[in-house]
Amino acid sequence: MAAELHVELVAADRQVWSGQADLVVARTTSGDIGVMPGHQPLLGVLESGPVTIRTSEATVVAAVHGGFLSFADNKLSLLAEIAELADEIDTRRAERALERAKTEDDAAAGRRAEVRLRAVAVR
């Protein structure tokens, strides 16, 4: 069996996802990064964006808004300010939030809604 990495995706209020993965792709302040088993240790700052977790059985996508990631000894920790799995996102609600943010000229709310919609599109 090929090596896998242990992944923990945690938001401020809950554990969002935990398990074994073959590849995790996340957006950091340095750009998009892919982490596979055996990757060099790293510490990074998460940007808002979808996080893609590829396992041997499925692909899991989450909308993540800020936080940190840390990788060492085949353990990847993603500590997010806000995170939700794409399967948990109500697309209509996210679309309404985006429209409301545009109407109210709320850039931060608009970015959150866009990330949620991108996560749903990727899954």
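This text follows the structure it describes.
Description of the structure in this document. (Residues numbered from 1 in each chain as written. Predicted model: local features only at pLDDT ≥ 70, side-chain atom pairs only at ≥ 80, totals over all residues. Heavy atoms only, no water.)

### A short note on a nonpolar patch on the surface
The test is simple: Residues form patches when they are more than 30% accessible in relative terms and have no salt bridge. Like charges link within 9 Å. Nonpolar side chains (Val, Leu, Ile, Met, Phe, Trp, Tyr) link within 5 Å. What sets the accessible areas is the Shrake-Rupley method with a 1.4 Å probe; for residues, cover comes only from the shown protein chains. The term salt bridge refers to a side-chain nitrogen of Lys or Arg lying within 4 Å of a carboxyl oxygen of Asp or Glu. Counting from the N terminus, the helices are the DSSP runs of H or I reaching at least four residues and the strands are the DSSP runs of E reaching at least two.
Together, Leu43, Val45, Phe68 and Leu79 make up a nonpolar patch on the protein surface, roughly 410 Å² of accessible area in all. Tracing the backbone shows Leu43 in strand S5 (residues 42-46).

### Structural notes on the pairing of strand S4 (residues 31-35)
Heads up, the condition is: Only strands that DSSP links by at least two bridges are regarded as paired with each other.
In the sheet, strand S3 (residues 23-28) pairs with S4 via five bridges, with the strands oriented antiparallel. Bridge pairing links Val24 to Val35 in S4. Counting the residues between successive antiparallel strands, the hairpin from S3 to S4 contains two residues.

### Side note on the pairing of strand S1 (residues 5-11)
Our working rule: Each residue is placed in one exposure class: buried if its accessible area under a 1.4 Å probe, protein chains only, is under 20% of its type's maximum, exposed if it is over 50%, and partly exposed if it falls in between.
Covered by surrounding structure in S1 are Leu5, Val7, Leu9 and Ala11 only, the residues His6, Glu8 and Val10 on the alternate face being uncovered. Where S1 lies against strand S2 (residues 14-21), seven bridges are found, and the strand directions are antiparallel. Directly across from Val10, in S2, lies its bridge partner Gln15. As consecutive antiparallel partners, S1 and S2 are separated by two residues. In this sheet, strand S8 (residues 75-85) lies alongside S1 in parallel orientation, the contact comprising six bridges. When the sheet's bridge partners are listed, Ala11 is paired in S8 with Ala80.

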